[in-house]
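Observations on the three-dimensional arrangement
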Amino acid sequence: AEVALAPQVLDNTFRYYAGVWAGVGVGLAYCVAFMREQTTLLRFLLLAVFLGGVARAVGMTAYDAIETKFIVGTLIETILPIIIVGLQARSASSR
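What this report covers is the structure whose coordinates are included nearby. (Residues numbered from 1 in each chain as written. Predicted model: local features only at pLDDT ≥ 70, side-chain atom pairs only at ≥ 80, totals over all residues. Heavy atoms only, no water.)

Let's shift gears to a nonpolar patch on the surface. A contiguous nonpolar patch, built from Ile71, Val72, Leu75, Ile76, Ile79, Leu80, Ile83 and Leu87 and spanning about 670 Å² of accessible area, is present on the exposed surface. Note on placement: Leu75 falls in helix H3 (residues 68-93). A residue is classified by how much of its surface remains accessible, and Leu75, at 45% relative accessible area, is partly exposed. (Patch = residues over 30% accessible without salt bridge, like charges linked within 9 Å, V, L, I, M, F, W, Y side chains within 5 Å. Areas by Shrake-Rupley, 256 points an atom, 1.4 Å probe, with all protein chains shown as cover. Salt bridge = Lys/Arg side-chain N within 4 Å of Asp/Glu carboxyl O. Helix = DSSP H or I, 4+ residues; strand = E, 2+ residues; numbered from the N terminus. Buried < 20%, exposed > 50% of the residue type's maximum accessible area, 1.4 Å probe, protein only.)

If you want to describe how two helices pack, look at the angle between their axes and the distance between the axes. Interaxial distance between helix H2 (residues 39-60) and H3 falls to 9 Å at its minimum, and their mutual angle equals 155 degrees. Regarding the angle of H2 to H3, the classification is roughly antiparallel. Along this stretch, H2 crosses H3, giving a crossing that reads as left-handed. Every residue of H3 that contacts H2 at Thr39, Leu42, Arg43, Leu46, Val49, Phe50, Gly52, Gly53, Val54, Arg56, Ala57 and Met60 is listed here: Phe70, Ile71, Thr74, Glu77, Thr78, Pro81, Ile82, Ile84, Val85, Gln88 and Ala89. For the contact of H2 with H3, the class distribution of residues is 14 nonpolar, six polar and three charged. (Axes fitted to C-alpha atoms, helices over the stretch in contact; angles between N-to-C directions. Parallel < 35°, antiparallel > 145°, perpendicular 65-115°, else oblique. Left-handed = near helix turned anticlockwise from the far one by under 90°. Contact = heavy atoms within 4.5 Å. Nonpolar A, V, L, I, M, F, W, Y, C, P; charged D, E, K, R; others polar.)

Before going further, it helps to spend a moment on the side chain of Gln88. Within the element layout of this structure, Gln88 appears in helix H3. Excluding residues within four positions of it along the chain, Gln88 makes contact with Met35, Arg36, Thr39, Leu42 and Arg43.

Structure, rendered in C-alpha cells:
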C-alpha cells in the first residue's frame, strides 16, 4: 500500500516546494526593487537559497553519476547568493 502512495506523496511534496520557492522568488523580486531598504529580508531569502544549494551538494555525495544541470544549479545556488550579498552590502554602504 505504501508503494502505491509514493507517486502521490512525491507529487504533493513537489507542489509544496514549488509554492515555497515561488514565494521566495516573489520575495526576491520585491527585494531587488527595494534593495537598499530590504537588506534583512534579502539576506534571509538568499540564505534559504544558499542552504538549499548546500543541502543539494551534500545529497549529491550519495550518487556516483550526477547530471551537469544539477551541478550547475548547485553552483548557482551556492555562489550567486554570496555575490548578491556582497553587491548589496556595497550598494547599501554607498548611499
